[in-house]
Each structure stands twice: as structure tokens, then as C-alpha cells.
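Each chain, letter by letter, is given below.
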Amino acid sequence: MIDSKLYTLLKVHETGSFTRAAEQLSLTQPAVSHHIKQLEGELGVKLFYRSEAGLRPTAEGEIVLKYARRLQALREQLSRELKDEQRRITRLTVGVTHTAESNFIAEALAEYCAAHEGVSIKIITDTINNLYDKLRNYELDLAMIDGAAPKDEFRSVLLDTDFLVLAVSNNNPLALRSSVTLRDIKKERMILRLPTSATRNLFVSHLESRNMSIDEFHVVLEVDNIATIKDLIRRDFGISILPKSVCLDELKKKKITVLPIENLSMIRETNMVYRPDFEHVEILKDIAAAYNETGKLYKTS
């Protein structure tokens with residue numbers, strides 16, 4: 001169904017070599033070269049150039065590869081849906097941001113699977129921009145993301161509203177306070193998410209609205225992994241700005257303390273995002289219900 005030359009293109013890009021691609025495709029090296037030349041002739045562009053590290057795609061080649069991956073993902077999705085229809089089994093691939101991964105989303109999806117026999121879910125964790133790309137390329141069915149999705153491209157279901165808090169060790173003197181100020185925070189060592197994270201960007205945007213900069217704070221570590229940040233906080237290596245929802249388990253076990261920041265209301269959304277052509281809209285309500293039930297257990301514990 002998908003042109004065999006596109007499979008060859010993808011394999012050449014994966015291996016960086018006509019020879020290795022030929023071995024893995026069980027073709028001759030001249031056959032692989034011929035496939036690429038045919039594609040270049042049909043499209044009127046050069047797809048690869050040679051570098052010291054091997055074959056590298058040209059700018060035009062990157063565009064062709066993007067659509068080849070999309071076609072491959074569509075072909076695989078077609079096969080899955082046909083098999084699922086025959087077996088009456090539903091499979092979903094769900095993308096989750098690093099922040100969302102740290103709260104109860106995985107447990108909510110597990111609860112959904114437990115309540116719906118025959119359903120299986122594959123969870124992929126990535127940055128928000130990569131998740132959007134995977135949705136566009138049909139590599140994901142749904143994505144659980146922080147913040148609002150682009151409305152002109154995707155549809156979404158609001159799962160929750162959350163807010164950012166200051167997370168500190170129980171041994172930190174600030175843990176005895178009912179709230180803190182930005183001046184208090186400036187005196188502390190900070191462990192923050194990477195500049196690409198939605199959590200950090202929300203904090204930075206609120207600082208900028210008050211004519212302040214993140215450079216005014218003593219940031220000693222930048223870490224992508226939420227679990228690592230919480231462990232470092234617990235061991236009193238620094239403080240951090242985190243969504244309250246990712247700290248619920250630690251709060252329940254009294255491992256860390258969270259505090260509101262005076263005059264800084266940093267509200268964020270958690271949304272379930274999907275393409276307009278997603279056909280199983282009825283599933284979204286069931287997943288949202290499982291999320292809400294799981295959230296009640298966490299929030300009332």
C-alpha cells in the first residue's frame with residue numbers, strides 16, 4: 001500500500017548507508033541506490049548528501065522523510081484498527097509530557113484499562129512539541145499535555161486545573177511558613193525544569209509580568225526529570241517550582257512541603273488533546289472519568 005521506495009528511503013536514513021539498508025531490506029545495494037534515484041527523479045530533488053558520519057538528508061530530504069514517516073504510521077494504524085475491529089480490541093497510544101507523567105495520569109489510564117476488558121494502552125513520554133508532532137504524524141492517538149493546545153489544529157478535553165507551588169524540604173525553615181514571597185525564594189538555591197518545559201515557562205512569564213527575570217534567582221540545577229527534582233528537594237539540595245499535582249504522593253507521605261507564593265497565582269491546565277479526525281470520541285469521556293476518580297483518591301488522601 002505504501003510505495004516500497006519510501007520504505008527504502010526510511011531504512012537508508014535509519015542506517016546512514018545504502019549497504020546496511022540493503023542488508024536489512026534483503027535487497028542488493030544497486031537496488032537500494034536505484035530506489036533512491038527513482039524517488040529523486042520523481043520528486044525533482046536530491047534526498048541525501050555524504051558527510052564524514054555517512055549519508056545525511058538534505059533539507060528537501062527531511063521534508064520527504066517527514067511525510068514518509070507519516071505514511072508509514074498511517075499504514076500501521078490502518079493495520080492495527082483492522083485487527084482491532086476483527087478482534088474487538090481497542091489499542092491506544094497516548095503521549096504524556098514529563099510533568100504529566102509524574103502525577104496520577106498513568107494510574108488513571110491503568111484504571112481505564114482495568115474497567116474496559118480488551119483495551120490496551122501504550123504510553124509515550126516526550127516534550128510537548130514532540131508530542132504535537134507525533135499527533136500530526138498519527139504516531140499518537142491522544143496526548144495528555146500541560147496548558148492549552150493550538151485550537152486551529154487539535155481538539156481537547158479539559159481534565160484538570162492545577163497551580164504551581166514552591167516545593168521545599170521538610171527541614172527547610174520555609175516549611176514552617178504558611179506562604180512565601182519572591183524575596184524569600186531569591187535567598188534559596190533553586191532546582192528548576194529545563195527552559196523548554198511548560199512549568200518553567202509559566203513561572204518565567206509570571207516573573208516577567210512583574211518586571212522580574214529568572215536571572216535574579218539562584219538557580220543551581222536544571223533537571224528534566226520531575227522525580228529527580230523531588231528527590232533532590234527531599235534531601236534538601238534546593239527548592240523548586242512545581243505543579244501541586246505532581247507532589248500529591250509526597251505530600252500524602254509527608255516527604256516534602258509545598259507553599260503558595262504570595263501575589264503569584266500560577267494556574268495551569270491539564271488537557272487531553274486529539275486530532276479532529278479521531279474517531280473514538282466516546283472513549284475520551286471514559287478516560288476523563290477515570291482521571292477524575294483517580295484524582296479524587298489522591299486529593300482526599
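Read on for a plain summary of the structure.

Cut-off values and rules
- Residues numbered from 1 in each chain as written.
- Predicted model: local features only at pLDDT ≥ 70, side-chain atom pairs only at ≥ 80, totals over all residues.
- Heavy atoms only, no water.
- Phe/Tyr/Trp six-rings, centres within 6.5 Å; stacked < 30°, edge-to-face > 60°.
- Helix = DSSP H or I, 4+ residues; strand = E, 2+ residues; numbered from the N terminus.
- Buried < 20%, exposed > 50% of the residue type's maximum accessible area, 1.4 Å probe, protein only.
- Lys NZ or Arg CZ within 6 Å of the ring centre and 35° of its normal.
- Expected span 1.5 Å × (residues − 1).
- Arc of directions from axis to C-beta.
- Contact = heavy atoms within 4.5 Å.

## A few points about the packing of aromatic side chains
Move 1: By the definition in use, this model includes three aromatic pairs.
Move 2: Taking 5.5 Å as the distance between ring centres and 20° as the angle between the ring planes, the aromatic pair formed by Tyr-132 and Phe-154 counts as stacked. Note that Tyr-132 is positioned in helix H7 (residues 128-136) and Phe-154 in the loop between strand S5 (142-146) and strand S6 (155-169), a separation of 22 residues in sequence.
Move 3: By relative accessible area, which is 5% here, Phe-154 ends up buried.
Move 4: Between Phe-203 and Phe-217, the aromatic rings sit 6.0 Å apart at their centres with planes inclined by 65°, giving edge-to-face as the arrangement. In this pair, Phe-203 is assigned in helix H9 (residues 198-209) and Phe-217 in the loop between H9 and strand S8 (218-222), connecting sequence segments 14 residues apart.
Move 5: A relative accessible area of 1% places Phe-203 in the buried class.
Move 6: A cation over an aromatic ring shows up here: Lys-186 above the ring of Phe-217, its NZ or CZ 5.9 Å from the ring centre.

## Some words on the environment of Thr-28
Move 1: Residue position: Thr-28 is located in the loop between helix H2 (18-25) and helix H3 (29-43).
Move 2: Classification of Thr-28 by relative accessible area gives partly exposed; the value is 47%.
Move 3: For Thr-28 and Phe-18, which are ten residues apart along the polypeptide, the C-alpha to C-alpha distance reads 9.2 Å.

## A closer look at H3
Move 1: Between its first and last C-alpha atoms H3 spans 21 Å; for 15 residues at 1.5 Å apiece the expected length is 21 Å, and the two agree.
Move 2: Listed in full, the buried residues belonging to H3 are Val-32, Ser-33, His-35, Ile-36, Leu-39 and Glu-40. The arc enclosing the buried residues of H3, seen along the axis, measures out at 155°, which places them on a common side. Away from the buried face of H3 by more than 90 degrees, exposed residues Pro-30, Lys-37, Gly-41 and Glu-42 are located.
Move 3: Of the surrounding elements, those touching the buried residues of H3 are helix H1 (4-15), H2 and strand S1 (48-51).
Move 4: One or two positions beyond H3, positive phi appears at Gly-44, with a value near 70°.

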